[in-house]
Amino acid sequence: FFVNTLVLRTDLSGDLTFRELLARVRAACLGAYANQDVPFEKLVDELRPERSLSRVPLFQVMFVFQDAETQEADPSGRMRKISLLDDRKTTFDLTLGMAETPEGLVGVLDYNTDIFERESIERLLKHFRVLLESVLADHSRRLSELPLLDEDESQFLLRECNDTAAEVPPLTLPQLFARQAEQTPHAVALIHKEERLTYAEL
């Protein structure tokens, strides 16, 4: 009852730089703040989105930014990272709450365990960190140029997962076809409209 929820839509069309994206988000936020007195429930009633028991109407991802004073102090004095809360029910698919502290940004990510597995969310956060570090290094880069994968994951996907080299027997295509026909003579080899031919028939 003490949170004013604003629905925001971000236009990602065009090959924007991150700085241009920030300008678009800023304009969207200012427009939303100008109309922030409209209750969320009234907005839902007016827009009449398609209702579904599987998702919240209008949006499924929430971002909450709070002042540092509202956050519980970390007694260790160390910088806290984004924590995962997967042991309680959340209203939205994802809710990222963040606060700025003297040590830096800290946050909590709630997620719907009916949709996401913990490993997927941990990978998502890893990608989010790589993205943020890339933006900090150069915010003039275009969105299409910003990486999500760190070097280890990139090498794993490009090299290990795509290592499809295989021994190919030194046979011609007709010889390979004849071998398959011997192994599975009654299997369908050709379909044309309604006609089917087995390897033996072909």
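Keep in mind it's a predicted model, so treat the numbers as computed, not measured.

Analysis parameters
- Counting from 1, residues in each chain are numbered in the order their sequence is written.
- Since the coordinates come from a predicted model, pLDDT governs what is reported: local features require at least 70, and pairs of side-chain atoms require 80 or more to be given and counted, while whole-chain, interface and lining totals use all residues.
- Note that the side-chain values use all heavy atoms of the structure and ignore hydrogens as well as water.
- The secondary structure listing takes helices from DSSP runs of H or I that are at least 4 residues long and strands from runs of E that are at least 2 residues long, numbered from the N terminus.
- Here, any two strands with at least 2 DSSP bridges between them count as paired.
- Take the buried Ala, Val, Leu, Ile, Met, Phe, Trp, Tyr and Cys residues and link them wherever side-chain atoms come within 4.5 Å; each set so joined is a nonpolar core.
- Exposure classes here rest on a 1.4 Å probe applied to the protein chains alone. A residue is buried below 20% of its type maximum, exposed above 50%, and partly exposed in between.
- The salt bridge definition used is simple: a Lys or Arg side-chain nitrogen within 4 Å of an Asp or Glu carboxyl oxygen.
- In what follows, a contact means two residues having at least one pair of non-hydrogen atoms within 4.5 Å.
- Residue-level confidence of the predictor is what pLDDT reports, using numbers from 0 through 100.
- Stacked, edge-to-face and tilted are the three classes for Phe, Tyr and Trp ring pairs, Trp counted by its six-membered ring, which pair at centre distances within 6.5 Å; planes under 30 degrees apart are stacked, over 60 edge-to-face, the rest tilted.

### Quick word on the overall build of the chain
No. 1: Scanning the chain for helices and strands turns up five helices and six strands.
No. 2: Scanning the chain from its N terminus toward the C terminus, one meets helices and strands in the order α-α-β-β-β-β-α-α-α-β-β.

### Brief notes about the pairing of strand E4 (residues 104–111)
Two faces make up the sheet, and in a regular strand the side chains alternate between them.
No. 1: Pairing of strand E3 (residues 94–101) with E4 involves eight bridges; the strand directions are antiparallel. The residue of E4 that forms the bridge with Glu-100 is Leu-105.
No. 2: Here E3 hands over to E4 after two residues, the two strands then running antiparallel side by side.

### Considerations on the nonpolar core
No. 1: Counting seven residues, the largest nonpolar core consists of Leu-94, Leu-96, Met-98, Leu-109, Tyr-111, Ile-121 and Leu-125.
No. 2: Mapped onto this core, the elements with two or more residues apiece are E3, E4 and helix H3 (118–137).
No. 3: In terms of residue count, the dominant contributor to this core is E3 (three residues).
No. 4: Counting residues in each nonpolar core, the second largest holds six residues, with Phe-40, Val-56, Met-62 and Phe-92 among its members.

### Some remarks on the pattern of salt bridges
No. 1: Tallied over the full model, the rule gives six salt bridges.
No. 2: Between Arg-142 and Glu-20 there is a salt bridge, and its shortest N-O distance comes to 3.9 Å. Here Arg-142 is found in the loop between H3 and helix H4 (151–160), whereas its partner Glu-20 is found in helix H1 (residues 18–34), with 122 residues between them in sequence.
No. 3: A relative accessible area of 33% means that Arg-142 is categorised as partly exposed.
No. 4: Residue classification places Glu-20 among the partly exposed residues on the basis of a relative accessible area of 38%.

### Quick word on the environment of Phe-40
No. 1: Here Phe-40 shows up in helix H2 (residues 40–47).
No. 2: We classify Phe-40 as buried; its relative accessible area is 19%.
No. 3: As a C-alpha pair, Phe-40 and Thr-5 span 35 residues in sequence and 6.4 Å in three-dimensional space.
No. 4: Excluding its chain neighbours within four sequence positions, the residues that come into contact with Phe-40 are Thr-5, Val-7, Pro-57, Leu-58 and Phe-59.

### Some points on the confidence of the model for the chain
No. 1: On average, residues of the chain score 83 in pLDDT, and 87% of them reach the 70 mark or higher.
No. 2: Considering only residues more than four positions removed or in separate chains, one finds that residues 73–80, a stretch of pLDDT under 50, has ten contacts.

### Re the pairing of strand E5 (residues 188–192)
No. 1: In this structure, E5 lies alongside strand E6 (residues 195–198), joined through four bridges in antiparallel fashion. Its bridge partner lying in E6, Val-188 is registered against Thr-198.
No. 2: The antiparallel pairing of E5 with E6 creates a hairpin that spans two residues between the two strands, and Lys-193 there sits at a positive phi of about 55°.

### So, the packing of aromatic side chains
No. 1: Counted according to the given criterion, the structure contains two aromatic pairs.
No. 2: Seen in terms of ring centroids, Phe-59 and Phe-92 are 5.0 Å apart; in terms of plane orientation they differ by 20°. Their pairing is stacked. Remark: Phe-92 occurs in the loop between strand E2 (82–85) and E3 and Phe-59 occurs in the loop between H2 and strand E1 (61–66); sequence separation between them is 33 residues.
No. 3: Here Phe-59 falls in the buried class, since its relative accessible area comes to 11%.
No. 4: A centroid spacing of 5.2 Å and a plane angle of 45° characterise the contact between Phe-177 and Tyr-199, whose relative ring orientation is tilted.

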